Number of protein chains: 4
Amino acid sequence: METRRAEAFSDGVFAVAITVLVFDLLPIGAGIGGGLGHVLLKEWPKYAAYVVSFLTIGIVWLNHHTLMAHLRQVSRIMLVLNLVLMMCVVAVPFPTALVAEHLTEHTGGGTAAAVTYGLVMVAMSVAFSLMWLYLGLHADEVARQPDFQPSVRTTIRFSGGLVAYVVATLVALVSPGGAVALYGAIAVYYLFEHLPDPTAAPAPRPGPRP
Amino acid sequence: METRRAEAFSDGVFAVAITVLVFDLLPIGAGIGGGLGHVLLKEWPKYAAYVVSFLTIGIVWLNHHTLMAHLRQVSRIMLVLNLVLMMCVVAVPFPTALVAEHLTEHTGGGTAAAVTYGLVMVAMSVAFSLMWLYLGLHADEVARQPDFQPSVRTTIRFSGGLVAYVVATLVALVSPGGAVALYGAIAVYYLFEHLPDPTAAPAPRPGPRP
Amino acid sequence: METRRAEAFSDGVFAVAITVLVFDLLPIGAGIGGGLGHVLLKEWPKYAAYVVSFLTIGIVWLNHHTLMAHLRQVSRIMLVLNLVLMMCVVAVPFPTALVAEHLTEHTGGGTAAAVTYGLVMVAMSVAFSLMWLYLGLHADEVARQPDFQPSVRTTIRFSGGLVAYVVATLVALVSPGGAVALYGAIAVYYLFEHLPDPTAAPAPRPGPRP
Amino acid sequence: METRRAEAFSDGVFAVAITVLVFDLLPIGAGIGGGLGHVLLKEWPKYAAYVVSFLTIGIVWLNHHTLMAHLRQVSRIMLVLNLVLMMCVVAVPFPTALVAEHLTEHTGGGTAAAVTYGLVMVAMSVAFSLMWLYLGLHADEVARQPDFQPSVRTTIRFSGGLVAYVVATLVALVSPGGAVALYGAIAVYYLFEHLPDPTAAPAPRPGPRP
């Protein structure tokens, strides 16, 4: 399959999944008579969860674009892996809602919520790493440059993301709040640290146009 | 109509419909005080229904792409059939929610849910088969290759999918759980067994272009 | 503005609005213990409303595509009219939900629901007619063919759609069920009767490629 | 990154966010037995909020298109700023729902709702202004025309929008209704007053094609 339509479909899924996050905010203040201002301030975990998940999906979208830019065509295996990745991306609003509602509870709900969030992140990282691994192993079949090899630096960076999510999920067992702070920190870190973009890299500013 | 815009619209519908599946997960654990971990584990039919329906819509998307790749232009009849197919795809989250909630009930709700799921799958298969049939019968009008004829193998494979869904729907009458397992098995089977892709099939790497 | 991006945005809105219709089906059977099969059958007005609105949005999408195909570029007025049309399209799930819930009531709710449905359809028809009128009056500025003039036949057909929705809305005052049947009949009629497509019209089958 | 895919993703997000506004209308009249007509009329703040927010997102979409049309490529900073803008756009249905429900309350809820609405608008304006500022300061890196400089007129117009939202938010503290009227007025004003479009400006009608 051409990468174009796989990209279009994936972009649509990313756009919808990231927008679904607002459904976590919509019920805030509904059916409240007085004291709306107080209610709005008290719901800060929902805003925090919204921001962390929005940035996270945004970053996966960015990395997904970079990965697709390496592809010449999409094999069936790649499409299946992509579908699994999409399944994780689409699921993100679910653990986000769990964290938003249960983070400040003292009954253990925060732990279950933060662990669930971490498990979805780990699954998403694994799906993405498998796509990247497949690209490296089958470059002759699917990559634009048939001799493409992921650099050691890239591989370390990726493994780093996966390891960070595993660590954060373990942290969630003892400190749900600490884990959510870690999820946010991972998102902010990868917002600026990223994969090399094959479409932008070689000659970004060739001087004045001939 | 050009196939391009029909594809763009259909891709959008697929992307939204597949993302709507998460709305089935969102209410899990809402309003629960303690024991969130236990609740999350108990809701496994929702996760199963999510995965089965996600893969199913994903596969219909893949096959839809393949079908569209055979088209030179889209006739009015084709657009109407495509609209009917989209109507089935968009409806998928509805029987998914039914199965997710009622599968484990002992009051007959599981049967009604699994049968409804099967009927939507059968309707979707019929709509897709009609599009494929129309393509074969009107190849001179709409196909890229005016002498296009669906192969016997492809026709058997399609009929197979339709027959499998009819059988699974009948199974639902006696065993809702067995039927859902069948729906999942059909999805996994078609994930790897698929229509030949006209854009990728004939000559994947013909060496340097002449 | 280029028509390309206006099309992409509109296609996205159409795709999401048409998918939102499923949210009217999602609550069916939720929280029901026994007798799910009976409940599913009793909710036929929801399925009918879903089908009618799905086809209606689908047809507006088709006509929107045809209109856009006449454009060379999109002026600011055109964009504003398009935004008003989108505002009506996005609103369709609202009167659809009203009709789905209240059609079979005996307390006057059916009338209010069917009238609201009709008013949204009338507003949508007016917005579309204004776009078509603008295209005719400013063909030199925005049309592909600077001397484009909508044919008398096309104009009659459009006015016909608008008049039909006004009549159906008036019918809703005395017979909500009759009005919904009319809305469905209008949708089915326009599914096959349609605007000439400028991209398909001139030379559909030029024989074998040279 | 190429601007094409950033545009496609952003267009998707705009399309979904604008459609999510209908979820504010969907519950109207649900579960109401008699007097549906009366209920529908009483809910006018919901329709007003829907129209104001729809036009507002529509305008941001238009301006976003204009900004993207100036870009040759999208830098990482630009993508991060774009993600922040999207985060504000996606959030719009939340304060819209607050205003729609609480505007006519006499308990202070209207103030809290209108202020929240204003704060989201201010955040959105700031994100957009930062993108425009970045474009001006890094034109050699990202702009189509390496010597691109935003005109004084454009800068004033933008600052005007931001200042207007700050003023309207302050008005919300004393008159929620007045603030919402202002939000609507700002939307209508910018519907016709807008950024110069680089793709349409230079030579809109070069006479008959050679």
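Residues numbered from 1 in each chain as written. Chains lettered and ligands numbered in written order. Predicted model: local features only at pLDDT ≥ 70, side-chain atom pairs only at ≥ 80, totals over all residues. Heavy atoms only, no water.

Draft legend 1. Representation of the arrangement of the chains within the structure. The smallest C-alpha distance separating chain A from chain C is 9 Å, and no contact links them. Nothing in chain B touches chain D; the tightest C-alpha to C-alpha distance between them is still 9 Å. (Contact = heavy atoms within 4.5 Å.)

Draft legend 2. Looking closely at the packing of aromatic side chains. Residues and elements named next belong to chain D. In this structure the tally under the stated criterion is 28 aromatic pairs over all chains. Judged by centre distance (5.7 Å) and plane angle (50°), the ring pair of Y50 and F54 falls under tilted. Of the two residues, Y50 and F54 are both situated in helix 3 (residues 44–69); the distance of four residues between them amounts to about one turn of the helix. Here Y50 and F54 have matching classes, each one buried. (Phe/Tyr/Trp six-rings, centres within 6.5 Å; stacked < 30°, edge-to-face > 60°. Helix = DSSP H or I, 4+ residues; strand = E, 2+ residues; numbered from the N terminus. Buried < 20%, exposed > 50% of the residue type's maximum accessible area, 1.4 Å probe, protein only.)

Draft legend 3. Up close: the interface of chain A and chain D. Taken together, the contact pairs 44 residues of chain A with 39 residues of chain D. Here chain A and chain D share an interface that buries about 3,500 Å² over both sides, 70% of which is from carbon and sulfur atoms. Between the two partners, chain A and chain D, sit one salt bridge. Taking the shortest distance from any N to any O, the salt bridge between E7 of chain A and R4 of chain D comes out at 3.5 Å. Counting the contacts that link chain A with chain D gives five residue pairs in polar contact (both at pLDDT 80 or more). When contributions to the side of chain A that touches chain D are tallied by element, the ones reaching two or more residues are helix 1 (3–20), helix 2 (36–42), helix 3 (44–69) and helix 9 (176–192) of chain A. Considering each element in turn, the side of chain A that touches chain D owes the most residues, 11 residues, to helix 3 of chain A. Across the side of chain A that touches chain D, the residue classes tally to 26 nonpolar, 12 polar and six charged. (Buried area = accessible area lost by both parts, 1.4 Å probe. Salt bridge = Lys/Arg side-chain N within 4 Å of Asp/Glu carboxyl O. Polar contact = N/O pair within 3.5 Å; in protein donor to acceptor, adjacent residues only side chain to side chain. Nonpolar A, V, L, I, M, F, W, Y, C, P; charged D, E, K, R; others polar.)

Draft legend 4. Looking closely at helix 1 (residues 3–20) of chain D. When the terminal C-alpha atoms of helix 1 of chain D are compared, their 25 Å separation across 18 residues agrees well with the 26 Å that a helix rising 1.5 Å per residue should span. Burial analysis of helix 1 of chain D places 16 of its 18 residues in the buried class, which makes it a mostly covered element. (Expected span 1.5 Å × (residues − 1).)

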